[in-house]
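Single-letter residue listing:
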Amino acid sequence: MPQSPSSMLPSPNNQDGQPAWRVALFFPEQGGWTENDYFSLDGGPLVEYDDGHVEVLDLPTKEHQRIAQFLFLILHQFVGKHGGGEVFMAPLPIRLWPRKFRQPDVVFVSAERSETDGYPDGADLVIEVVSPGAENRRRDLEIKPLEYARAGIAEYWVIDTESQCITLSTLVSGEYHCIEYGPADTVQSKRLPGLTVSVNETLAAATSN
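1. Some details on the side chain of Asp160
On the secondary structure map, Asp160 appears in strand β10 (residues 155-160). Relative accessible area serves as the criterion here: at 4%, Asp160 is assigned to the buried category. A distance of 3.2 Å separates the side chain of Asp160 from the backbone nitrogen of Ser163, its partner in a polar contact. Non-local contacts of Asp160, meaning those with residues more than four positions away in its chain, are made with Val130, Arg137, Leu141, Cys165 and Leu203.

2. A look at the sheet that holds strand β11 (residues 165-172)
In spatial order, the strands read β3-β6-β9-β10-β11-β12; together these six strands make up an open sheet with mixed pairing. The two strands at the open ends of the sheet, each matched to only one other strand, are β3 (85-89) and β12 (175-181). With strand direction ignored, the average angle separating the axes of adjacent strands in the sheet is 15 degrees. Relative to β10, strand β9 (residues 125-129) runs parallel, the two sharing five bridges. Residue pairing across strands places Glu128 opposite Val158, the latter belonging to β10. Of the strands in this sheet, β3, β6 (106-110), β9 and β10 touch helix α2 (residues 62-82), which is tilted by about 170 degrees from β3. Packed on one face of the sheet, helix α3 (residues 134-150) meets β9, β10, β11 and β12 and runs near 175 degrees to β10.

How each quantity is defined
Residues numbered from 1 in each chain as written. Predicted model: local features only at pLDDT ≥ 70, side-chain atom pairs only at ≥ 80, totals over all residues. Heavy atoms only, no water. Helix = DSSP H or I, 4+ residues; strand = E, 2+ residues; numbered from the N terminus. Buried < 20%, exposed > 50% of the residue type's maximum accessible area, 1.4 Å probe, protein only. Polar contact = N/O pair within 3.5 Å; in protein donor to acceptor, adjacent residues only side chain to side chain. Contact = heavy atoms within 4.5 Å. Pairing = 2+ DSSP bridges. Axes fitted to C-alpha atoms, helices over the stretch in contact; angles between N-to-C directions.

It is worth stressing that arrangement in space is one thing and function is another; only the former is reported here.
Shown next as structure tokens:
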């Protein structure tokens, strides 16, 4: 006779340093999460949702947040002046397709874009600041470009402090065409004509006070 999930867990204890195993019983098993379950999570680390699974992301560093805030302010000022939509910072779930949500570091959502249950259906420009670690690099540099292209996101920026560059990917016929900008370069958006960003100033924002 198969054992219940609770019978397979370690005996309850309150010792310091021990994982709180039984807390997991309050939540569905991986693969069984619904969108309602996902949205019922209250605060805490960034969590993304993928076809019944939840993925808990590393909390961002101060350096990461400084870069994200720097770019958010530039986009916010540009869109405030020219109109056409809104700019947000994470955490804000963006529905890429049914049962698939990401929370980009910075996102531009056009005024024409639809919403479902108060959350944008896709986006028009997303920015990710790569966090340290092989898994984070793979997520931002390999997995997300495929997902964002599938979702029809017109422009994807990746700020890579390790490689000291910004990669701008523009959607053409369902695939991203990428241009890499170095420290001496200026990024020029195609989705938001007139928006320019200095790579050197963006990278320097990581250590600015």
